[in-house]
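Coordinate analysis (summary)
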Amino acid sequence: MSNIKFEINQNIATITFDLENEKINKLSFEVLKEFDEKLNLVQQDHTIKALVIDSAKKDIFIAGADIKEIEQLKDSEEVYEALMNIHKIFNKLENLPIPTIAYINGACMGGGLELALACKYRVLSTNEKTKLAFPEIKLGIFPGFAGTIRAPKLIGLLPSLDLILTGKTVDAKKAYKINLADAIFDDAQKEFMLGDFVQNAITGNLGSRKSFYLLNYPPFNEIIFKRTLKNLEDKVNSDFQAPFKALEVIKANMNKELEIAIKKEAEEFSRLAVTKESKNLIKLFFLFEKLNKNYEKTTNPISNVAIFGNGVMGKGIIWLFSKYLKDVRIKLRDITQAHGIIKDVSKIYDYLVKSRKMTKNQMDFKLNTISYTDKLSGFKNMEFVIEAIVEDEEIKKQTYKQLESVLNDNAIIATNTSSISINKLGSELKNKENFIGVHFFNPVNLMPLVEVIPSKDTSKETINKVLELLISCGKTPIVVGDCAGFIVNRILLPYLNEAAFILNEGSKIEHIDHLIKAFGMPMGPFNLADTVGIDVGYKVASILHEEYGYRMPVAPLIEKMYEAKYFGKKGETGGFYQYDGKDDYVNEHVISMLSNNGKIISDEEIVQRCLYIMINEASRCLEENIVTDASIIDFAMITGTGFPAYKGGLLTYANEVGLKNILESLRKFERDYGSRFAPSNLLIKLVEQHEDFETGEFLWKRWFYYLSY
Ligand code: NAI
């Protein structure tokens, strides 16, 4: 098997990565071994004056180490040994006595970037696909092929910390600016420019680039380390060790000899690589990849869309489709709204322009392609119409009637409803097979998750077309069965509700929020409720109550707040907190509404009540075949609610705690607080059979029916 090509032309050797039967290049053990063999050839041939490392793949230099292999490593000693062997190869590359040049035209990630760092020079194409990053932190590890050592030397401490601790990506221009690239040019000029660069490297005619960074040395580096640690402590949960360990390694290795530094990096890396946090994040990475391919390509993908409703969600959806499609039409209630709506959509584009991902001209061009109507003119030709109007069953149904009277029979009608059953909404439609739920999350531009909900009549073709459309627009859809609230809202609402019950009993708002944040959620339940809006939350909670009865009573406090119009961040009167633009402080008006019986419960119980009520509901979703796999719930809760990814998602966390423990707690809570805690049948069964949400898949797989699209 040959994954790497080797040639010598006019005394210049070129090693070209081109993995067999793969779209991308990655550094598996086998590939690294081959690379080592090629380096030996270079070492032995004294006529070679320079070495160029290139890739034959389109838009990819090297995408990184082989994550499958990292996933399989279970023992730290095994990892340490593997790392030491890889270091030998990279050190061999670094020590070659000739100029070594990585030519990077496309993605250069993780291990790929570390390989490039072991070269003397890095030359980048300005192709927009050229991106450099150390994404390891997102997998619960850090660069382990001496990236934490070579990067600070080459580009200085600050930019290195920025790249390594965040996993952020830089383009060719930025890479050149921070000294990560020695030259940049358009790939079309490669033959001439790269040849020139190599000749200049051989003759020693390259101007010297910055190689001394004052901030790498005491006392400056000490200040930087201290501040960075403080920053991490403020922002990152201490259970997620990777960034803390990366910082520790970089600090310990500053200005140390390579050999000593490598040992320290390898020791810490090999411990991290086998943690459950890292394994959870790797599992999530593969799930993301799987979901992004989870459809059958259609012969006539959707090429135009219309959006009906232009409030918070409508505008987000207009933004999304205008970014990816050329033909977007919006229905306005009044034509005079057009200017304001386009202006709001342009604000969503702003961050792309500011971060140089798009020019202002490109943005204007996209905004100009949006056409609008206050009737339904032009809808005859639309292939996909999504409705994002008020959450009201009757109004929505009326809208579909109106739409069906103008649309082509093949057109798909989608609803962005967040809680109403799709079967109910579609019950009066003529073309039921073309109707589907497409539930985006707020804010649409930042949330990758979309719940796609077929009704019992939705055709397979409609599902596939919608998945294809969403994936082509950069979203990660999951297909879920029809039920009120679908997955995320159905599981999240009982949690928000429970927090309100606990508050009403006597615990403090800030304390509950603090405990849940300390668990790893990005914000506490009250902060979240204020962000979503108490009005929206109350409406959804009421719909869920109607549907699920005793299991989801609306906490009386939420009802009182809704009636008194304490809607959260959006209103002037605030919600659980008041917001004066600077500090948030507890809303005393809300406190005065509490019936507070002075019952203070333990911190442990607060967290358990909030989390276990979600786990119980998630278990019912599995029991009812709303999803067919526990990992989909994990994925939905991570990407839809910010459940800590390193804990692997809600149900992986449940397995970790032990279902028996959860069941016992639920039974106790049921006795103390009532039937909303009654354990689900599936949970009871799993405990009886000594299974958990991972091993017990068989329980629902056999009931699996219409979701097999
Ligand atoms: P919004 O209140 O911001 O916008 C509602 C839109 O509906 C406005 O454009 C309004 O002009 C229009 N509208 C109101 N009454 C109408 C009527 N009788 N006929 C036609 N149009 C009418 O609401 P938002 O938040 O954008 O929600 C829209 C839909 O998206 C709802 O179904 C909601 O459940 C769902 N959703 C909301 C999320 C959120 O976080 N706000 C998240 C996901 C889904």
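Residues numbered from 1 in each chain as written. Predicted model: local features only at pLDDT ≥ 70, side-chain atom pairs only at ≥ 80, totals over all residues. Heavy atoms only, no water.

1. With respect to the packing of helix α6 (residues 157-166) against helix α9 (residues 220-235)
Interaxial distance between α6 and α9 falls to 11 Å at its minimum, and their mutual angle equals 25°. Relative to α9, α6 is oriented roughly parallel. Between α6 and α9 lies a crossing whose hand is right-handed. From α6, Leu 157, Leu 158, Leu 161 and Leu 165 reach across to α9, where they touch Asn 221, Ile 224, Phe 225, Thr 228 and Leu 232. Across the contact of α6 with α9, the residue classes tally to 7 nonpolar, 2 polar and no charged. (Axes fitted to C-alpha atoms, helices over the stretch in contact; angles between N-to-C directions. Helix = DSSP H or I, 4+ residues; strand = E, 2+ residues; numbered from the N terminus. Parallel < 35°, antiparallel > 145°, perpendicular 65-115°, else oblique. Left-handed = near helix turned anticlockwise from the far one by under 90°. Contact = heavy atoms within 4.5 Å. Nonpolar A, V, L, I, M, F, W, Y, C, P; charged D, E, K, R; others polar.)

2. Details of the site of the ligand
Among the 18 residues in the neighbourhood of the ligand, the closest are listed as Asn 310, Met 313, Glu 391, Lys 396 and Ser 418. The backbone of Ile 389 places a nitrogen or oxygen atom 3.2 Å from an oxygen atom of the ligand. Protein contact buries 76% of the 830 Å² of open area that the ligand shows by itself. At the level of secondary structure, the elements contributing two or more residues to the shell around the ligand comprise α13 (312-324), α16 (393-406) and β16 (435-440). Taken together, the residues that form the shell around the ligand break down as 7 nonpolar, 8 polar and 3 charged. (Near = heavy atom within 4 Å. Polar contact = N/O pair within 3.5 Å; in protein donor to acceptor, adjacent residues only side chain to side chain. Areas by Shrake-Rupley, 256 points an atom, 1.4 Å probe, with all protein chains shown as cover.)

3. Examining a negative patch on the surface
A contiguous patch of negative charge on the surface is contributed by Asp 75, Glu 77, Glu 78 and Glu 81. Its location among the elements puts Glu 78 in helix α3 (residues 76-95). (Patch = residues over 30% accessible without salt bridge, like charges linked within 9 Å, V, L, I, M, F, W, Y side chains within 5 Å. Salt bridge = Lys/Arg side-chain N within 4 Å of Asp/Glu carboxyl O. Lys, Arg positive; Asp, Glu negative; His and termini not counted. Charge placed at Lys NZ, Arg CZ, Asp CG, Glu CD.)

4. What to know about a positive patch on the surface
A contiguous patch of positive charge on the surface is contributed by Lys 23, Lys 68, Lys 293 and Lys 297. With respect to the helices, strands and loops of the structure, Lys 297 is situated in the loop between α12 (276-291) and β11 (304-308). A residue is classified by how much of its surface remains accessible, and Lys 297, at 71% relative accessible area, is exposed. (Buried < 20%, exposed > 50% of the residue type's maximum accessible area, 1.4 Å probe, protein only.)

5. Here's the deal with the confidence of the model for the chain
In this model, the chain carries a mean pLDDT of 94, and residues with pLDDT of at least 70 account for 98%. Per-residue pLDDT stays below 50 along residues 698-709; that stretch engages in 36 contacts with residues further than four places along the chain or on separate chains. (pLDDT = per-residue confidence, 0-100.)

6. Here we look at the side chain of Thr 130
With respect to the secondary-structure elements, Thr 130 resides in the loop between β7 (121-125) and β8 (131-133). Of the residues examined, Thr 130 reaches a relative accessible area of 0% and is grouped as buried. A polar atom in the side chain of Thr 130 sits 3.0 Å from the backbone nitrogen of Gly 106. If near-sequence neighbours (up to four positions away) are discounted, Thr 130 is found in contact with Ile 104, Asn 105, Gly 106, Leu 124, Ser 125, Val 170, Asp 171 and Ala 172.

7. Here's the deal with the pattern of salt bridges
According to the stated counting rule, one finds 44 salt bridges in the structure shown. Glu 22 serves as the salt-bridge partner of Lys 26, at 3.7 Å between the closest nitrogen and oxygen. Of the residues examined, Glu 22 reaches a relative accessible area of 33% and is grouped as partly exposed. With its nearest N and O atoms 4.0 Å apart, the salt bridge here joins Lys 460 to Glu 296.

8. Let's talk about the pairing of strand β1 (residues 4-9)
In the sheet, β1 pairs with strand β2 (residues 12-17) via 6 bridges, with the strands oriented antiparallel. Opposite Asn 9, over in β2, you have Ile 12 as the bridge partner. In this antiparallel pair of consecutive strands, β1 and β2, the connection spans 2 residues, and Gln 10 shows a positive phi of 50°. (Pairing = 2+ DSSP bridges.)

9. Re the packing of aromatic side chains
Taken as a whole, this structure holds 23 aromatic pairs when the rule is applied. An angle of 15° between the planes, with centres 6.1 Å apart, marks the rings of Tyr 103 and Phe 185 as stacked. Pair noted here: Tyr 103 is in strand β5 (residues 100-104) and Phe 185 is in strand β10 (residues 183-185), with a separation of 82 residues, a long-range link. Under the relative-accessibility criterion, Phe 185 is labelled buried at 4%. Pairwise contacts between aromatic rings join Phe 321, Phe 384 and Phe 440 into one cluster. Sitting over the face of the ring of Phe 519, Lys 647 holds its NZ or CZ atom 4.6 Å from the ring centroid. Its end group placed over the ring of Phe 501, Arg 676 keeps NZ or CZ at 3.9 Å from the ring centre. (Phe/Tyr/Trp six-rings, centres within 6.5 Å; stacked < 30°, edge-to-face > 60°. Lys NZ or Arg CZ within 6 Å of the ring centre and 35° of its normal.)

10. Digging into the sheet that holds strand β18 (residues 476-479)
Spatially, 8 strands are ordered β13-β12-β11-β14-β15-β16-β17-β18 in an open sheet, and the strand pairing comes out mixed. Across the chains shown, the open sheet's two edge strands, defined by having one partner strand only, are β13 (370-373) and β18. The mean inter-strand angle of the sheet, taken between neighbouring strand axes irrespective of direction, is 25°. As defined by bridge partners, strand β14 (residues 384-387) adjoins strand β15 (residues 412-415) across 4 bridges and the pair is classed as parallel. Paired with Val 385 across the strands is Ile 413, a residue of β15. Sitting on the sheet, α13 touches β11, β12 (327-331), β13, β14 and β16, and the angle it makes with β11 is about 170°. Each of β11, β14, β15 and β16 is contacted by α16, which is oriented at about 165° to β15, the strand it contacts most.

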